[in-house]
Amino acid sequence: MKKFTPVSLLQALPKTLLHMLLACGLTATAYAQDAWKKIDAGINTELRGLSVVSRNVAWASGAKGTVIRTIDGENWENVSISTKLPETSALDFRDIQGFDKFTAIAMSAGPGKASTIYKTTDGGAHWELMTVNGEATGFWDAIDFWDAQNGVIFGDPVNGQFQVLITHDGGKTWKNSAQDLSQLSALANEGAFAASGTCISVSGKKDVWFATGGAEKTRVFHSADRGLTWSFAETAIAAGAPPKGLFSVAFSDAQYGFAVGGDYQKAKAEGLNAVVSQDGGKSWVAASALPVGFLSVVIAVPGQEKTFVVGGLAGSGVTKDGGRSWEVLGETPLNAVGFADALHGWAVGPKGLVMKYAGKRLVSNLNSVK
C-alpha cells in the first residue's frame, strides 16, 4: 500500500477542495502566509537574472539592458548597462553573476550576436563587453561560476551539440569545454530555457549540471571535471513540446540535488514538477514540489542541509528535508530566487518585480525526520 504523507495527500486533492481547505485554515503545514515583502526598485522591465552575494549585496538583470543592485540589503540602484552603452538597450540579460558589490558579469540571451557577456568592476559605473556568441545559430541560456576566475556559459545546441564554454580568467576569454563534443549531443528538438539563469548550476570546485526540455525526454547532464567530460540521465518530467521540460537544476552538495520545470504556458497545471537525485545526477526520482504548477527555478539554501527553495509562475515554496515535505512561501508569480543564508533572500520577476524574503529562518529540519 502506498504511504501518503500530508503533502502528498494535499497534492492529490482537487484544486477547488484544496483552496477550500486553505480558506478554513486546515492546511497550515503546507501553506503559509506570503513570506515575501515587495520592494519598489524603480523599474518595470522583466527581471530573470538574480545573484545574491551576501545578506547585503545582490544583483539582478533583465530586459532592455537592465541591471540593478543592492549593497545594503534593502534599497536597489539602477546600474543598467543600457544607460552606459545605449546599443545594449535591445539586449535581454537573462542571467547575472555577482562576486562582490563592485564586480558582476551579466549575460544576454538571444540568437547569435544577441548573446553577449558584459562585466563591471566598479559597481556598474562602467561596463565592458567581454565576448559575443560567435555561432550564428547559437543561443545562450545561462552562466554560473565556481569562483571569480572560473565559470561556464551554457547554450542551446549548435550543429547538434549543446554549447558549453569555459573561462579561467574571469570572463575575458572563453573556449569549448568538452574534449569530445559528441558527449553533448542533443536529441531532436532538445534545448534549454533562459527563464531564470539556473538551467545550469555548479557546485564545489569542479561539478556542473545542466537541465533540458522540449524533446521527447528530459535530461540532466553532469560533468565532474569542469566540463571536460559529460554524462547524462533521463528524468520523469514531461516534455515533448517546446514549452515543456526541465527549467532549473541545483545541488546542495556533490550528491543531493533537485531539478524542476513543467509547462510555462500552464502556470497552475497539475502534474509532476520536480525530481530529486541523491547520487550526483546519475539517477532521478519523482518528487512533486509545492506549489503545484510551473516552476522555473530551484536553489539550495546555503548552510542548510537539503533545504531548497523553488519558484515560478505557480508561486514559491520550500523543502527543509530534501523533498519529504513542502511549504508554500507565496503565490506571487516570479522568475528567479536566491538566498545568502537561511534568512536573507530575494526574488525577481515580471514587470520589475523585486521581493525580499521576510519569512521565518529556513533551517533544515532533517534531524526531526531521521
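Structure: above.
In short, a report on the structure. (Residues numbered from 1 in each chain as written. Predicted model: local features only at pLDDT ≥ 70, side-chain atom pairs only at ≥ 80, totals over all residues. Heavy atoms only, no water.)

Take the overall build of the chain next. In terms of helices and strands, the chain carries four helices and 28 strands. Radius of gyration (C-alpha) of the chain: 19 Å, near the 21 Å computed for a compact globule of 370 residues. Dimensions of the chain, computed from the C-alpha atoms along their principal axes, are close to 55 × 45 × 35 Å. Counting over 370 residues, the chain shows a buried share of 58%. At a minimum sequence separation of 6, the contacts of the chain that also span at least 24 residues come to 51%. Carbon together with sulfur atoms contributes 52% to the accessible area of the chain, which is approximately 15300 Å² in total. Taking the average location of the 33 positive side-chain charges in the chain and that of its 33 negative ones, the two points are 4 Å from each other. (Helix = DSSP H or I, 4+ residues; strand = E, 2+ residues; numbered from the N terminus. Rg over C-alpha atoms; globule rule 2.2 N^0.38 Å. Buried < 20%, exposed > 50% of the residue type's maximum accessible area, 1.4 Å probe, protein only. Contact = heavy atoms within 4.5 Å. Areas by Shrake-Rupley, 256 points an atom, 1.4 Å probe, with all protein chains shown as cover. Lys, Arg positive; Asp, Glu negative; His and termini not counted. Charge placed at Lys NZ, Arg CZ, Asp CG, Glu CD.)

Summed over the entire model, instances satisfying the criterion amount to nine salt bridges. A salt bridge links E77 to R69; its shortest N-O distance comes to 3.1 Å. With its nearest N and O atoms 2.9 Å apart, the salt bridge here joins E74 to K356. Linking E74 in the loop between strand 4 (66-70) and strand 5 (76-78) with K356 in strand 28 (residues 354-357), this pair joins segments that are 282 residues apart in sequence. Here the salt bridges do not stand alone but share partners, grouping K37, E74 and K356 into one network. (Salt bridge = Lys/Arg side-chain N within 4 Å of Asp/Glu carboxyl O.)

With that settled, the discussion passes to the nonpolar core. Core analysis: the largest hydrophobic core is formed by 18 residues, its most contacted members being F258, V298 and V310. Elements with a contribution of two residues or more to this core: strand 19 (257-263), strand 20 (274-277), strand 22 (297-300) and strand 23 (308-312). For V310, the contacting residues outside a window of four places in its chain are V260, A289, L290, P291, L295, V297, V298, G315, S316, G317 and W326. (Core = buried A, V, L, I, M, F, W, Y, C linked by side-chain atoms within 4.5 Å.)

Following the criterion strictly, the structure yields 25 aromatic pairs and no others. Through a chain of ring-to-ring contacts, the aromatic side chains of F154, F162, F210, F221, W230 and F232 assemble into a single cluster. The ring of F232 is capped by R219, whose NZ or CZ atom sits 4.3 Å from the centre of that ring. (Phe/Tyr/Trp six-rings, centres within 6.5 Å; stacked < 30°, edge-to-face > 60°. Lys NZ or Arg CZ within 6 Å of the ring centre and 35° of its normal.)

Next up on the list: the environment of G240. Mapped onto the elements, G240 comes out in the loop between strand 17 (231-235) and strand 18 (244-251). Overall, G240 belongs to the exposed group, its relative accessible area being 57%. Linking G240 and G213, residues 27 residues apart in sequence, is a C-alpha distance of 7.8 Å. Those residues in contact with G240 that sit more than four places away from it in its chain are G214, A215 and E216.

Take the pairing of strand 15 (residues 207-211) next. Burial within strand 15 is extensive, with five of its five residues counted as buried. Across the two faces of strand 15 the burial is the same, with D207, W209 and A211 and V208 and F210 all buried. Linking strand 14 (residues 200-203) back to strand 15 in an antiparallel pair, the connection comprises three residues, with G204 at a positive phi of about 60 degrees. Where strand 15 meets strand 16 (residues 218-223), four bridges bridge the pair, whose relative direction is antiparallel. Each bridged residue has a counterpart across the sheet, and for F210 the counterpart in strand 16 is F221. Turn length for the strand 15-strand 16 hairpin, with the two strands adjacent in sequence and antiparallel, is six residues, and the turn residue G214 shows positive phi of about 85 degrees. (Pairing = 2+ DSSP bridges.)

With that settled, consider the side chain of R69. Take R69: it is sitting in strand 4. Assessed through its relative accessible area of 11%, R69 is described here as buried. Here the side chain of R69 touches K101 through a polar contact of 2.4 Å, landing on its backbone oxygen. Ignoring any residue separated from it by four or fewer positions in sequence, one finds R69 in contact with A58, W59, N75, W76, E77, V79, K101 and G123. (Polar contact = N/O pair within 3.5 Å; in protein donor to acceptor, adjacent residues only side chain to side chain.)

Taken in spatial order, the four strands make up an open sheet running 14-15-16-17, and their pairing is antiparallel. Each edge of the open sheet carries a strand with a single partner, namely strand 14 and strand 17. Geometrically, the sheet is characterised by an average inter-axis angle of 20 degrees between neighbouring strands, direction not taken into account. As judged from the four bridges shared by strand 14 and strand 15, these two strands associate in the antiparallel manner. Each residue of the ladder has a partner; that of S203, found in strand 15, is D207. (Axes fitted to C-alpha atoms, helices over the stretch in contact; angles between N-to-C directions.)

Strand order in the open sheet formed by four strands is 6-7-8-9, with antiparallel pairing between adjacent strands. Looking along the sheet, the strands with just one partner apiece sit at the ends: strand 6 (93-98) and strand 9 (128-132). Strand-to-strand twist in this sheet, taken as the mean axis angle between neighbours without regard to direction, amounts to 20 degrees. Strand direction decides the pairing type here: strand 8 (residues 116-120) and strand 9, joined by four bridges, are antiparallel. Across the sheet, residue Y118 finds its bridge partner in strand 9, namely L129.

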